[in-house]
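# Structural description and commentary
Listed below, chain by chain, are the residues.
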Amino acid sequence: MKNRLSGPFVLPVRDIVRQPGEMREHSYTISVPEQWGEGIVSVAKGGQLALDVRLESVHEGILISGTADAEYDGECSRCLRAISQPVEVEFQELFEYPGGETADFELQDDHVDLETLVRDAIVLSLPFQPVCRPECPGLDPATGDLRTDSSGVAQDPIDPRWAALQELTETESASDAVQSREES
Ligand SMILES: [Zn+2]
């Protein structure tokens, strides 16, 4: 573990150590210090990260819990459009006093360093197969264009009872396709 006692993820807990029952809360927004995540989507370096952190003094150390909100960027795994979506995670971990036998996280000189905790929670919650929207039709394998029903290619036969619904969907995906071209 790096011994580093400054930076936006380091919080002082001197005023509540060894005082079980004491509690502090912090809400603040910082910049993500480096890119988080190596997949199709990731949280960009410099992106905003909003933290709500509760620090509770307990017998064994300081119990940290809270939520982190950020935004990930990347591309839709079906249609390859650029996407940007919010991600919110909860985290909880006990930072034990030095000398504890089972400590994954330890207090360092009356500080807690939340970076590993928050980064891991965010990275683990990033989707492996992100989509721009749940019903994204993906790319047409023949043309490489965004698949639309009007192309007439590779469509499954559709029950006539669904035809009216399909027309609605067609209109929607056609306008989405136009929008994506305007954005890119
Ligand atoms: Zn998509």
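What counts and what doesn't
- Sequence order as written defines the numbering, with residues in each chain counted from 1.
- Whole-chain, interface and lining totals are the exception, using all residues; otherwise, since this is a predicted model, local features are given only for residues with pLDDT of at least 70 and side-chain atom pairs are given and counted only at 80 or more.
- What counts as a helix is a DSSP run of H or I of at least four residues, what counts as a strand is a run of E of at least two, and both are numbered from the N terminus.
- Residues with at least 20 neighbouring C-beta atoms inside 10 Å of their own are called buried, those with 12 or fewer are called exposed, and the rest are partly exposed, where every C-beta is derived from the backbone.
- Paired strands are those between which DSSP finds at least two bridges.
- What we call a nonpolar core is a set of buried Ala, Val, Leu, Ile, Met, Phe, Trp, Tyr and Cys residues whose membership is set by joining through C-beta atoms within 7 Å.
- Working definition of a contact: two residues with C-beta atoms, positioned from the backbone, lying within 7 Å.
- Directions are taken from the helix axis to each C-beta atom, and the arc is the one they span.

### Observations concerning the overall build of the protein
Looking only at helices and strands, one finds two helices and eight strands in the protein. Taken from N to C terminus, the helices and strands of the protein fall in the order β-β-β-β-β-β-β-β-α-α. When the 184 residues of the protein are sorted by exposure, 18% land in the buried category.

### Quick word on the pairing of strand 4 (residues 48–58)
Pairing of strand 2 (residues 23–31) with strand 4, which is carried by nine bridges, proceeds in the antiparallel orientation. Each residue of the ladder has a partner; that of Thr29, found in strand 4, is Ala50. Sheet analysis places strand 4 next to strand 5 (residues 61–75), joined by nine bridges and oriented antiparallel. Looking across to strand 5, one finds that Arg54 is bridged to Ser65.

### Overview of the nonpolar core
Ile64 and Val118 are the most contacted members of the largest nonpolar core, which totals 24 residues. Of all elements in the fold, only strand 4, strand 5 and helix 1 (115–125) reach the threshold of two or more residues within this core. Counting residues per element, this core draws most heavily on strand 5, at five residues. Residues contacting Ile64, with those up to four places away along its chain left out, are Val53, Leu55, Gln92, Glu93, Phe95, Val112, Leu114 and Leu117.

### Considering the environment of Ser125
Looking at the element boundaries, Ser125 is found in helix 1. Residues Ser125 and Glu88 lie 37 residues apart in sequence; the distance between their C-alpha atoms is 8.4 Å. Not counting residues within four places of it along the chain, the set of residues in contact with Ser125 comprises Val87 and Val89.

### Some words on unusual backbone geometry
Backbone phi values are negative for most residues with the exception of glycine, while trans is the configuration of most peptide bonds. A positive phi angle is found at Leu80, which is not glycine, with a value near 70°. Structurally, the position occupied by Leu80 is in the loop between strand 5 and strand 6 (82–96). Note on Leu80: 15 C-beta atoms within 10 Å, which makes it partly exposed. We note that Asp110 has phi near 65°; this positive angle belongs to a residue other than glycine. Inspection of the secondary structure assignment puts Asp110 in the loop between strand 7 (105–106) and strand 8 (111–113).

### Concerning the pairing of strand 6
Pairing geometry for strand 5 and strand 6, over 15 bridges, is antiparallel. Residue pairing in the sheet places Leu63 in a bridge with Leu94 of strand 6. In textbook terms, the turn of a hairpin is the stretch between consecutive antiparallel strands, and for strand 5 and strand 6 this stretch comprises six residues, one of which, Leu80, has a positive phi near 70°.

### So, the environment of Glu25
Tracing the backbone through its elements, the reader meets Glu25 in strand 2. Classification of Glu25 by C-beta neighbours within 10 Å gives exposed; the count is 10. Residues Glu25 and Ile64 lie 39 residues apart in sequence; the distance between their C-alpha atoms is 9.8 Å.

### Brief notes about helix 1
For helix 1, every residue scored as buried is listed here: Leu117, Val118, Ala121 and Ile122. End-on, the buried residues of helix 1 take up no more than an arc of 120°, which puts them together on one face.

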